[in-house]
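These are the residues of each chain, in order.
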Amino acid sequence: MSEEILLDIRRLSTAFEVEDVIIPILKDITFRIHSGESLGVVGESGSGKSVLAHAIMGLLPSNAQVYNGEIIYEGRDLLKLNPKKRRQLRGDRMAMIFQEPMTSLNPVYTVGSQVVELIRAHRKISKKEALAWAVDIFEKVGIPQSNDFANRYPHELSGGMRQRVVIALAIALSPVLLLADEPTTALDVSIQAQILELIQSLQDNMKMATMLITHDLGVVAGMCRNVLVMYAGQVVETGETEELFKFPKHPYTKALLKSIPKLDQNTEFLETIKGMVPHPQRMPEGCRFAPRCEVAMDQCHREEPDMHSFSEYAGVKCWLYQ
Ligand SMILES: Nc1ncnc2c1ncn2[C@@H]1O[C@H](COP(=O)(O)OP(=O)(O)OP(=O)(O)O)[C@@H](O)[C@H]1O
Ligand SMILES: [Mg+2]
């Protein structure tokens with residue numbers, strides 16, 4: 001299958017400055033997303049998944065800086081674009097769904113006017129046309145058609161409906177890349193499946209590439225063709241989801257897969273990964289997973305392995321495969 005490279009991230013490294021201390025967070029992140037590809041991003045809490053998504057969107061907080069690397073999107077290095085160009089891309093060619101709906105919604109405007117504003121910030125059309133467009137988008141994300149809906153304020157809506165509005169904002173201008181950072185964790189369990197189904201159907205119908213950040217490996221198995229495993233600010237394994245779930249290579253990926261409940265398994269016997277994710281200021285020498293790795297060798301504690309690629313999609317950063 002020949003697919004165009006949409007996003008090509010090369011050796012991306014970021015740091016935060018907190019009280020005059022520079023804390024490196026992402027280190028040498030390298031991966032690609034092809035047009036229409038669905039990529040799941042997994043890894044324990046604190047591994048840098050959200051920082052990565054924010055870096056791609058150009059939405060890192062002011063105390064963060066990208067100190068190395070490139071983010072090539074549709075052939076252009078986003079890190080070299082001026083803020084205005086970057087803003088134009090955001091919400092248009094690339095969009096993001098945040099974990100917490102209220103991050104993207106403004107409490108003082110009606111949901112209709114927020115979608116209208118977004119559309120008019122990017123397209124030269126009248127308010128009336130934009131409102132018709134907004135109603136159309138609301139329908140697309142499963143909000144029952146009614147004139148009244150557009151006039152509601154975010155606080156008048158249920159959590160599930162609010163997240164649908166957030167998704168409407170994200171897809172209004174048909175982005176070619178949609179980033180979703182834990183899009184359902186703030187929602188009731190009963191609503192989560194509906195929202196994921198919605199994202200999946202939009203992904204299929206609109207042929208968008210999606211990067212879905214989630215703790216739920218089951219969701220990745222169901223929705224993502226490829227997967228990227230992060231550990232302590234680095235990518236440690238990538239691969240096609242089916243292959244990677246069946247034959248994980250990195251000891252961290254193996255441990256992560258063992259730590260998720262299976263339907264037919266008594267959760268009492270669920271394994272947890274021993275130890276903790278290292279603190280960003282106290283990263284171990286060598287492989288960052290070595291202190292927790294059950295098969296670590298001497299070398300692992302001294303030298304950092306490179307990412308070893310097996311194919312366009314599969315690679316692993318582990319001495320066992322060098
Ligand atoms: N604004 C900030 N200032 C300083 N450090 C930050 C900031 N935001 C994130 N970090 C640090 O960056 C690291 C990665 O955080 P990030 O939120 O990306 O993790 P995550 O993989 O998204 O975790 P989770 O699964 O819990 O959402 C953490 O050590 C976190 O403390
Ligand atoms: Mg996060």
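Up top you'll find the structure we're talking about.
Residue indices follow the written sequence of each chain, beginning from 1 at its first position. Chains and ligands are labelled by the order in which they are written, letters from A for the one and numbers from 1 for the other. In view of the model being predicted, local features appear only for residues whose pLDDT reaches at least 70, and side-chain atom pairs are presented and counted only at 80 or more, with totals across whole chains, interfaces and linings using the full set of residues. The basis for the side-chain values is all heavy atoms of the structure; hydrogens and waters are excluded.

J.: It is not clear to me how the layout of surface pockets should be interpreted in this structure. Could you clarify?
T.: Take a probe with the size of a water molecule and roll it over the atoms, and the empty space left behind shows itself. Any residue with an atom within 4 Å of a point lines the site, the site being either a cavity, points on a 1 Å grid over the protein atoms alone where a 1.4 Å probe fits but cannot get out, or a pocket, an open set with protein on both sides within 12 Å along at least 5 of 7 lines. Grid points are joined across faces, edges and corners, and a volume is the space filled by probe spheres set on the points. When its volume is computed, the largest pocket comes out at roughly 580 Å³. Looking at the largest pocket, it is lined by 27 residues, and the ones nearest its centre are Asp28, Thr30, Phe31, Met307 and Ser309. Contributing elements (two or more residues each) for the lining of the largest pocket: strand E1 (5-18), strand E2 (21-34), strand E9 (226-231) and strand E10 (234-240). Of the residues forming the lining of the largest pocket, the biggest block, 6 residues, is contributed by E2. Here the residues of the lining of the largest pocket are counted per class, giving 8 nonpolar, 8 polar and 11 charged. Computed from the structure, the second largest pocket encloses a volume of approximately 410 Å³. Ranked by residues supplied to the lining of the second largest pocket, first place goes to helix H3 (residues 111-122) with 4 residues. Of the residues contributing to the lining of the second largest pocket, the split by class is 9 nonpolar, 5 polar and 2 charged. Labels follow the DSSP assignment, with helices taken as runs of H or I lasting at least four residues and strands as runs of E lasting at least two, numbered in each case from the N terminus. The classification used treats Ala, Val, Leu, Ile, Met, Phe, Trp, Tyr, Cys and Pro as nonpolar, Asp, Glu, Lys and Arg as charged, and all other residues, Gly among them, as polar.

J.: So what exactly am I meant to see when it comes to the sheet that holds E2 here?
T.: Consider a sheet: its strands pair through backbone hydrogen bonds, and that pairing is either parallel or antiparallel. Any two strands are treated as partners once DSSP identifies two or more bridges connecting them. Strand order in the open sheet made by the 4 strands is E2-E1-E4-E5, with antiparallel pairing throughout. The strands lining the two open edges of the sheet, one partner per strand, are E2 and strand E5 (76-77). Two strands pair when backbone bridges link them, and E1 and strand E4 (residues 64-73) are joined in this way by 8 bridges, in the antiparallel orientation. Bridge assignment links Asp8 to a residue of E4, and that residue is Ile72. Residue contacts are defined here by distance: any two heavy atoms, one from each residue, within 4.5 Å place the two residues in contact. Axis geometry follows a simple rule: fit a line to the C-alpha atoms, using only the stretch in contact for helices, then measure angles between N-to-C directions, giving values from 0 to 180 degrees. Most of the contacts of helix H1 (residues 49-57) go to E1, to which it runs at about 110 degrees, and overall it touches E1, E2 and E4.

J.: Mind showing me how you'd approach the packing of helix H4 (residues 127-140) against helix H5 (residues 159-171) here?
T.: When two helices pack together, their arrangement is given by the angle between their axes and by how far apart the axes lie. Here H4 crosses H5 at 120 degrees, and the two axes come no closer than 9 Å. Classified by the angle between their axes, H4 and H5 sit oblique to one another. As H4 packs across H5, the resulting crossing turns out to be right-handed. Contacts between H4 and H5 involve Ile137, Phe138 and Lys140 from the former and Val165, Ala168 and Ile171 from the latter. The residue inventory of the contact of H4 with H5, partitioned by class, reads 5 nonpolar, no polar and 1 charged. Any angle that is under 35 degrees is reported as roughly parallel, and any over 145 degrees as roughly antiparallel; angles of 65 to 115 degrees are reported as roughly perpendicular and all others as oblique. Handedness of each helix crossing follows the sense of rotation of the near helix against the far helix: counterclockwise by less than a right angle gives left-handed, clockwise gives right-handed.

J.: What's the story with the nonpolar core in this structure? I'm lost.
T.: When a protein is soluble and globular, its nonpolar side chains tend to lie buried together. By convention a nonpolar core is built from buried Ala, Val, Leu, Ile, Met, Phe, Trp, Tyr and Cys residues, the set being connected through side-chain atoms within 4.5 Å. Note on classification: 1.4 Å probe, protein chains only; a residue is buried when its accessible area is under 20% of the maximum for its type, exposed when over 50%, partly exposed between these limits. Grouped together as the largest cluster of nonpolar side chains are 60 residues, with contacts concentrated most on Phe138 and Ile167. Here this core gets 7 residues from one element, more than from any other, and that element is H5. Excluding residues that lie within four positions of it along the chain, Ile167 makes contacts with Ile97, Val141, Ile195, Leu198, Ile199 and Leu202. In this structure, Leu26, Tyr73, Met96 and Leu228 belong to the second largest nonpolar core, which totals 36 residues.

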